[in-house]
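The lines below spell out each chain.
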Amino acid sequence: MLIRLQKFLAEAQVASRRRAEEIIKQGRVTVDGVVVDTPGAKVDDEGSAVCVDGKPVIKNKNLIYIMLNKPEGCVTTAKDQFNRKTVMDMVADVEERIYPVGRLDYNTSGLLIMTNDGELTYRLTHPKHNVEKTYIAYVEKEPEAAEMEKFRRGIVIDGRKTAPACIEIIGKNCLEIKIHEGRNRQVRKMCEAIGSPVLRLKRQAIGSLKLGDVKKGSYRYLNKDEIDYLKSL
Ligand code: URA
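Everything numeric here is computed off the predicted structure, so don't read it as measured data.

(A) Spatial organisation of the domain arrangement of the protein. Parsing the protein into structural domains produces domain 1 (2-56), domain 2 (65-127 + 212-232) and domain 3 (132-206). The C-alpha-based centres of domain 1 and domain 3 are spaced at 41 Å.

As C-alpha cells, then:
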C-alpha cells in the first residue's frame, strides 16, 4: 500500500509524524537509494527500502497495546535524569519496547496507555484529538456551586482559558472531573484556581476506555475491541 513517507516513519517508531517531516526536510531520508526531502511523498509500506541517515528503517509488525495503572511516585518518561522510577520499569517484562501515550504527573496515578504504535500515539496526543479524560480528584475542600460553574465554563490557567469541562462532587472531598485538553498539570491547576487544591489524583478513563480493576503498578493487554476503539477516536 502507498502511504506518506512521514506516516511510514511514524509507524516504524522513528519519530512522531511532525518530527518525521522535519527529518525528511533535512534531506536525511532515502527511498530506494534516492534522497526524498518532500514530506508527503508516497512510499510502498511493504516494498520500499527506506533509510534515515543511511540506516535501514525496519517496520515493527508486532504492535503491542497495554493499559498500565501508573502508581504515584514514578515518572512518565523513558529515562529520568534523577534516576527516579519510571513507567518503563513497570512494563520491563513486555517483549517489545513500548512508550507512554501522553503523560501523567509524578504524583498522579491511573490509566496510562503504552504502545509501540507510533501512529496511534501521534493521533491520541495531537491537540486536535481532544479525547475526553476522566479523573478522580480528592481535594482539600469541596468547591461551592459558583466555583464549579466557573470550572465548567473554563478558567484562565497559564494565561489561557481552558475549554468547557465537567465537574461533579461524587463523595466527601471527592470530585469527578472530565476534560478534553491535555495541558500541563491541568486538573491540579484548575482545582487550585477554584480554591480546592488537589490532594490525590487518579485518571479513571480515556474516552470510554476504563481502568477497571487493574491494580496499581500492574498492566494488562488491550483487547481487539479496545484497540479498534482507540484507533477510531
Ligand atoms: N492533570 C493533572 O494535573 N495531572 C495529571 O497527571 C493529568 C492531568
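(B) View of the site of the ligand. The ligand sits among Leu104, Asp105, Thr108, Tyr135, Arg185, Gln186, Val187, Arg188 and Leu201. A distance of 3.3 Å is found between an oxygen atom of the ligand and a backbone nitrogen or oxygen belonging to arginine 185. Taking valine 187, its main chain carries an N or O atom lying 3.2 Å from a nitrogen atom of the ligand. Protein chains bury 95% of the 240 Å² of accessible surface belonging to the ligand in isolation. When atom positions are compared with the pocket grids, the ligand is found to occupy the largest pocket. Its residues assigned to classes, the shell around the ligand shows 4 nonpolar, 2 polar and 3 charged.

(C) Examining helix α2 (residues 17-25) more closely. Those residues of α2 that sit buried are Arg17, Ala20, Ile23 and Ile24. Looking straight down α2, one finds that the buried residues subtend no more than 110 degrees of arc, so they occupy a single side. Next to the buried residues of α2 lie α1 (5-11), β2 (29-31), β5 (50-52) and α4 (118-125). Positive phi appears at glycine 27, one or two residues downstream of α2, with a value of about 75 degrees.

(D) Just the side chain of threonine 121, in detail. As for its placement among the helices and strands, threonine 121 is situated in helix α4. For threonine 121, the side chain forms a polar contact with the main-chain oxygen of aspartate 117, separated by 3.1 Å. Here threonine 121 is in contact with Pro100, Val101 and Thr115, once residues within four sequence places are set aside.

(E) Looking closely at the packing of aromatic side chains. With the rule as written, the count across this model stands at 1 aromatic pair. Centroid distance tyrosine 219 to tyrosine 221: 6.0 Å. Interplanar angle 75 degrees. Geometry classified as edge-to-face. Exposure remark for tyrosine 221: the relative accessible area of 40% places this residue in the partly exposed category. Taking NZ or CZ as reference, arginine 84 lies 4.8 Å from the ring centre of tyrosine 106, over its face.

What counts, and where the lines are drawn
Residues numbered from 1 in each chain as written. Predicted model: local features only at pLDDT ≥ 70, side-chain atom pairs only at ≥ 80, totals over all residues. Heavy atoms only, no water. Domains from an automatic or database assignment. Near = heavy atom within 4 Å. Polar contact = N/O pair within 3.5 Å; in protein donor to acceptor, adjacent residues only side chain to side chain. Areas by Shrake-Rupley, 256 points an atom, 1.4 Å probe, with all protein chains shown as cover. 1 Å grid on protein atoms, 1.4 Å probe; cavity = no way out; pocket = protein on both sides within 12 Å on 5 of 7 lines; lining within 4 Å. Sits in = over half its atoms within 2 Å of the grid points. Nonpolar A, V, L, I, M, F, W, Y, C, P; charged D, E, K, R; others polar. Buried < 20%, exposed > 50% of the residue type's maximum accessible area, 1.4 Å probe, protein only. Helix = DSSP H or I, 4+ residues; strand = E, 2+ residues; numbered from the N terminus. Arc of directions from axis to C-beta. Contact = heavy atoms within 4.5 Å. Phe/Tyr/Trp six-rings, centres within 6.5 Å; stacked < 30°, edge-to-face > 60°. Lys NZ or Arg CZ within 6 Å of the ring centre and 35° of its normal.

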